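Take a look at the letters that make up each chain.
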Amino acid sequence: MEIIAVIIAGLSLLIATLSYFSSRKTAHTASERASKAERLAEGGLELSLTESISSSKQRVIEASIAWSNFKSDKPDQSDDLYKKAFYASLEDNLNAYEKACSLYLDEKIDKIRFEKDYTREIMNLVENEAQNDRYFNPPNTSLYKAILKVYDKWFNLEK
C-alpha cells in the first residue's frame, strides 16, 4: 500500500513539474506574441502618421501652386478663396504634426525613430517666420502645444 502511495506521489510530482514547465513556456510564448503584436500596432500607427503627414504636405503644395497661379493669371481679382484653401491645408498639415507629436509625448510611438525622422521638420515648422507668428506665438494661446513641447524638448538647450 505504501509503495502505491509513493508511486502516485512520484507521478503527481512528475505531472506537476511537467505542467509547470509547459505553462512557463506557454506564458513566455504568449508574452512574445503580445510584444510582437504591440510592435506591429506601433509600426502601423507610425506608418499611418507618415502617410497623414505626407498627404497633408502634398495638399499644402497643391494649394500653394493653385494660389500662386491664380495671382499670376488674375492679379486684379480677389484671391480670398485660394488664400483660405491654402491656410486650411496648412492647418491640416500642422494638425497631422500635432497628432504625431502628441503620440510621441505619450510614448505611443518609437521615440528614437520619431526624433530621427522629424527633428528637422519640427524645427522648420516652428522656426518658419511666416508660420511662427500665425500659429505658434504666443505659445500659451497656440493650438499646437504638442509641437511646441516637442520643439522645446529638443531645442531648448537651457533645460
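You'll find the structure just up there.
Cut-offs applied
Residue numbers here run from 1 along each chain, matching the order of that chain's written sequence. Given that this is a predicted model, residues contribute local features only at a pLDDT of at least 70 and side-chain atom pairs are listed and counted only at 80 or more, while totals for whole chains, interfaces and linings are drawn from all residues. Only hydrogens and water are set aside; all other atoms, that is, all heavy atoms of the structure, feed into the side-chain values. For Phe, Tyr and Trp, rings pair up if their centres lie within 6.5 Å, where Trp contributes its six-membered ring, and each pair is then called stacked (planes under 30 degrees apart), edge-to-face (over 60) or tilted (otherwise). The way it works is that DSSP assigns letters per residue, a run of H or I at least four long becomes a helix, a run of E at least two long becomes a strand, and they are numbered from the N terminus. Burial status follows relative accessibility: with a 1.4 Å probe on protein chains alone, a residue under 20% of its type maximum counts as buried, one over 50% as exposed, and anything between as partly exposed. Charge over a ring is defined by NZ of Lys or CZ of Arg lying within 6 Å of the ring centre and within 35 degrees of the ring normal. For the purpose of counting charges, residues Lys and Arg are taken to be positive, whereas Asp and Glu are taken to be negative. His and the chain ends are not included. We define a salt bridge as a contact between a side-chain nitrogen of Lys or Arg and a carboxyl oxygen of Asp or Glu at a distance within 4 Å. Pairs of N or O atoms within 3.5 Å make up the polar contacts considered here, provided that, within protein, one atom can donate a hydrogen while the other can accept it, and that residues adjacent in sequence are counted only when both atoms are side-chain atoms. In this analysis, two residues are considered to be in contact whenever any of their non-hydrogen atoms come within 4.5 Å of each other. Angles here are taken between N-to-C directions and fall from 0 to 180 degrees, while the axes themselves are lines fitted to C-alpha atoms, restricted in helices to the stretch in contact. Put simply, angles under 35 degrees are roughly parallel, angles over 145 are roughly antiparallel, angles from 65 to 115 are roughly perpendicular, and the rest are oblique. Left-handed describes a crossing whose near helix is turned anticlockwise from the far helix by less than a right angle; the clockwise case is right-handed. Two joining distances apply to patches: 9 Å for like charges and 5 Å for nonpolar side chains (Val, Leu, Ile, Met, Phe, Trp, Tyr), and every residue must have over 30% relative accessible area and no salt bridge. Surface accessibility in these figures is a Shrake-Rupley result with a 1.4 Å probe; residues are shielded only by whichever protein chains are displayed. The criterion is simple. A nonpolar core is a set of buried Ala, Val, Leu, Ile, Met, Phe, Trp, Tyr and Cys residues joined through side-chain atoms within 4.5 Å.

Asks: Hey, could you run me through the packing of aromatic side chains in this one?
Replies: Think of a pair of aromatic rings as described by two things: how far the centres are apart, and how the planes are tilted against each other in angle. Under the counting rule described, the total for this entry stands at 13 aromatic pairs. Geometrically, the ring pair formed by Y151 and F155 is tilted, given 5.0 Å between the ring centres and 35° between the ring planes. Taken as a pair, Y151 and F155 lie in helix α5 (residues 145-155) at a separation of four residues, close to a single helical turn. Look at F155 and you get partly exposed, because its relative accessible area is 26%. By way of ring pairs, the aromatic residues Y97, Y104, F114, Y118, Y151, W154 and F155 are connected into one cluster. A cation over a ring is seen here: R134 above Y87, with NZ or CZ 3.6 Å from the ring centre.

Asks: Would you take a moment to explain unusual backbone geometry for this structure?
Replies: Residues other than glycine predominantly adopt negative phi, and peptide bonds predominantly adopt the trans conformation. Here the bond from N137 into P138 is cis, since omega is -10°, no more than 30 degrees from zero. Turning to its location among the elements, P138 is positioned in the loop between α4 (129-136) and α5.

Asks: Sorry if this is basic, but what is going on with the side chain of D79 here?
Replies: Summarising the element assignment, D79 is placed in the loop between α1 (2-73) and α2 (80-105). Buried and unpaired, D79 has K71 as its nearest opposite-charge partner, separated by 4.7 Å. One polar contact links D79 to W67, side chain to side chain, over a distance of 2.7 Å. When near neighbours in sequence (up to four residues on either side) are disregarded, D79 contacts W67, F70 and K71.

Asks: Hey, could you run me through the packing of α2 against α5 in this one?
Replies: Working note: a packed helix pair is described by the angle between its axes plus the distance between those axes. Contact pair α2 / α5: the axes reach a minimum separation of 7 Å and the direction vectors enclose 60°. In terms of orientation, α2 lies oblique with respect to α5. Every pair of crossing elements has a handedness; the one defined by α2 and α5 is left-handed. Contacts from L94, Y97, E98, C101, S102, Y104 and L105 in α2 reach K145, A146, I147, K149, V150, K153 and W154 in α5.

Asks: How should I be thinking about a nonpolar patch on the surface in this particular structure?
Replies: A cluster of nonpolar side chains, contributed by I3, I4 and I7, occupies part of the molecular surface with about 310 Å² of accessible area. With respect to the helices and strands, I4 occurs in helix α1. A relative accessible area of 48% means that I4 is categorised as partly exposed.

Asks: Mind showing me how you'd approach the environment of L148 here?
Replies: Mapped onto the fold, L148 is located in helix α5. Residues L148 and F136, spaced 12 residues apart in sequence, show a C-alpha to C-alpha distance of 7.5 Å. For L148, the contacting residues outside a window of four places in its chain are V126, F136, P139 and S142.

Asks: Can you help me understand the nonpolar core in this one?
Replies: Soluble globular proteins tend to bury their nonpolar side chains together. Judged by nonpolar contacts, the single largest core of 30 residues is most densely connected at L94, Y97, C101, F114, I122, F136 and I147. Elements with a minimum of two residues in this core: α1, α2, α3 (111-127), α4 and α5. Per-element accounting of this core gives the leading share, nine residues, to α2. Not counting chain neighbours up to four residues away, the residues in contact with F114 comprise A100, C101, Y104, I109, T119 and W154.

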